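Below, each chain spelled out in residue letters.
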Amino acid sequence: MPSLSERRILVTGATGGIGSALVKRLDAEGASLWLAGRDEGKLSALAGELGKAASRHTLVAGVDLTTAMGRQRLLDQLSQTAPEQRPSTLVHLAGINHLGWFRETSPDDVTRVLDTNLTSTLLLTQALLPLFLGQPSANLLFVGSLLGHIGHPGYVAYCASKAGLKGFAEALSRELEDTPVRVQYLAPRATRTAMNGPDAEAMNEALGNTVDSPERVADAIIKQLTRGQRRAVIGGKERLFALINAIAPKLVDRAIARSRADISRHLDPPAQVIQD
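Residues numbered from 1 in each chain as written. Predicted model: local features only at pLDDT ≥ 70, side-chain atom pairs only at ≥ 80, totals over all residues. Heavy atoms only, no water.

Caption draft 1: View of the nonpolar core. One finds Leu10, Leu74, Leu128, Leu140, Phe142, Tyr155 and Val183 to be the most contacted residues of the largest nonpolar core, which totals 45 residues. Those residues in contact with Leu140 that lie beyond four places of it in its chain are Leu90, Thr125, Leu129, Phe132, Leu172, Val181, Arg182, Val183 and Gln184. Counting residues in hydrophobic clusters, the runner-up holds 29 residues, among them Ala21, Val23, Ala61 and Ile234. (Core = buried A, V, L, I, M, F, W, Y, C linked by side-chain atoms within 4.5 Å. Buried < 20%, exposed > 50% of the residue type's maximum accessible area, 1.4 Å probe, protein only. Contact = heavy atoms within 4.5 Å.)

In structure tokens form, the structure reads like this:
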């Protein structure tokens, strides 16, 4: 595997909690970065934090990857770049969350979560895939969630989107087995970012869930990129819980049912979509 200092890495959702932590880690490792985000001000501020090293990075600001126009704009910029300067690695982090009872979630919020976390990811990957297939070797790393392995009350649309992302990464990995492109998937547990508001923070505390810092997840991404591991889950206890859910889901049903009162206490107030 090429060292990080030899890689050109495209990061979507670069200004989010995990995204900005990852960008700083990758910058410190000497990687050349393409940073994609819809907020030009936030991208510029992030580049400013990188200091002089920002000159070796490319900002792709104002692109809404949930739209065909935004995806085409990113594709055009990459296509107009010399092949040897195009990204050879994609880390896909763009995403939003929603906490609240599904029966009270608006159709617009359901659509936004699915479009942002799943549909746009598939369509962007499909659009960029020819460029990555043209590289001598390439990596596509998709950051999902443990909630894509374990359905949890209050996160119905989010769980559906992340379960779809897990299936997509697995299927694409097998489809591209005989190509230069390696597909990787990481499932973090709860992470302390703006995407998880006060209600989610309080519920995680009440349920005794471990909550990682964005830097912890960034380190896991770097480790996976370096080692080439196809699948990874953060947390030994969480990995076991996901395995139990796969082979004996009734046990997880009962465990979550015992936490119903704590879950309800944090879901009954009105919830809003929060974008990282």
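Caption draft 2: Broad picture of the environment of Gln126. Locating Gln126 in the fold gives a position in helix α4 (residues 107-133). Of the residues examined, Gln126 reaches a relative accessible area of 59% and is grouped as exposed. A sequence separation of 40 residues divides Gln126 from Lys166, and the C-alpha atoms of the two residues are 16 Å apart. (Helix = DSSP H or I, 4+ residues; strand = E, 2+ residues; numbered from the N terminus.)

Caption draft 3: Region of interest: the packing of aromatic side chains. In the structure shown here, the tally under the stated rule is 2 aromatic pairs. An angle of 70 degrees between the planes, with centres 5.3 Å apart, marks the rings of Phe142 and Phe168 as edge-to-face. Here Phe142 is found in strand β6 (residues 138-143), whereas its partner Phe168 is found in helix α5 (residues 156-175), with 26 residues between them in sequence. Of the two residues examined, Phe142 and Phe168, each falls in the buried class. Measuring from ring centre to ring centre gives 6.3 Å for Tyr155 and Tyr158, while their planes differ by 55 degrees; the resulting arrangement is tilted. Here Tyr155 falls in the buried class, since its relative accessible area comes to 6%. Among the residues examined, Tyr158 registers a relative accessible area of 6% and is labelled buried. The ring centre of Trp101 lies 4.8 Å from the NZ or CZ of Arg103, which sits over that ring. (Phe/Tyr/Trp six-rings, centres within 6.5 Å; stacked < 30°, edge-to-face > 60°. Lys NZ or Arg CZ within 6 Å of the ring centre and 35° of its normal.)

Caption draft 4: Seen up close, helix α1 (residues 17-28). Compared with the 16 Å implied by 1.5 Å per residue over 12 residues, the 17 Å span of α1 between its first and last C-alpha is a close match. Of the residues making up α1, those classed as buried are Ile18, Gly19, Ser20, Ala21, Leu22, Val23, Leu26 and Asp27. In this fold, the buried residues of α1 make contact with β1 (8-12), β2 (32-37), α2 (40-49), β4 (89-92) and α7 (214-227). Gly30 lies just past α1 and shows a positive phi near 90 degrees. (Expected span 1.5 Å × (residues − 1).)

Caption draft 5: Broad picture of the packing of α4 against α5. Contact pair α4 / α5: the axes reach a minimum separation of 8 Å and the direction vectors enclose 10 degrees. By the angle class used here, α4 and α5 are roughly parallel. Relative to α5, α4 is oriented so that their crossing is right-handed. Contact residues: Val110, Val113, Leu114, Asn117, Leu118, Thr121, Leu122 and Thr125 in α4; Ala157, Tyr158, Ala160, Ser161, Lys162, Gly164, Leu165, Phe168 and Leu172 in α5. Of the residues that constitute the contact of α4 with α5, the class distribution is 11 nonpolar, 5 polar and 1 charged. (Axes fitted to C-alpha atoms, helices over the stretch in contact; angles between N-to-C directions. Parallel < 35°, antiparallel > 145°, perpendicular 65-115°, else oblique. Left-handed = near helix turned anticlockwise from the far one by under 90°. Nonpolar A, V, L, I, M, F, W, Y, C, P; charged D, E, K, R; others polar.)

Caption draft 6: Main features of the side chain of Thr12. For Thr12, the position within the fold is in strand β1. Sequence-distant contacts of Thr12, that is, excluding residues within four places in its chain, are made with Ala36, Leu65, Leu90, Val91, His92, Leu93, Ala94 and Leu124.

Caption draft 7: Layout of the packing of helix α6 (residues 198-207) against helix α10 (residues 260-267). Interhelical geometry of α6 versus α10 gives an angle of 165 degrees and a closest axis separation of 9 Å. It follows from the interaxial angle that α6 and α10 lie roughly antiparallel. Of the two elements, α6 crosses α10, and the hand of that crossing is right-handed. Across the interface between the two elements, Asp199, Ala202, Met203, Ala206 and Leu207 from α6 touch Asp262, Ile263, Arg265, His266 and Leu267 from α10. Looking at the contact of α6 with α10 residue by residue, the class counts come to 6 nonpolar, 1 polar and 3 charged.

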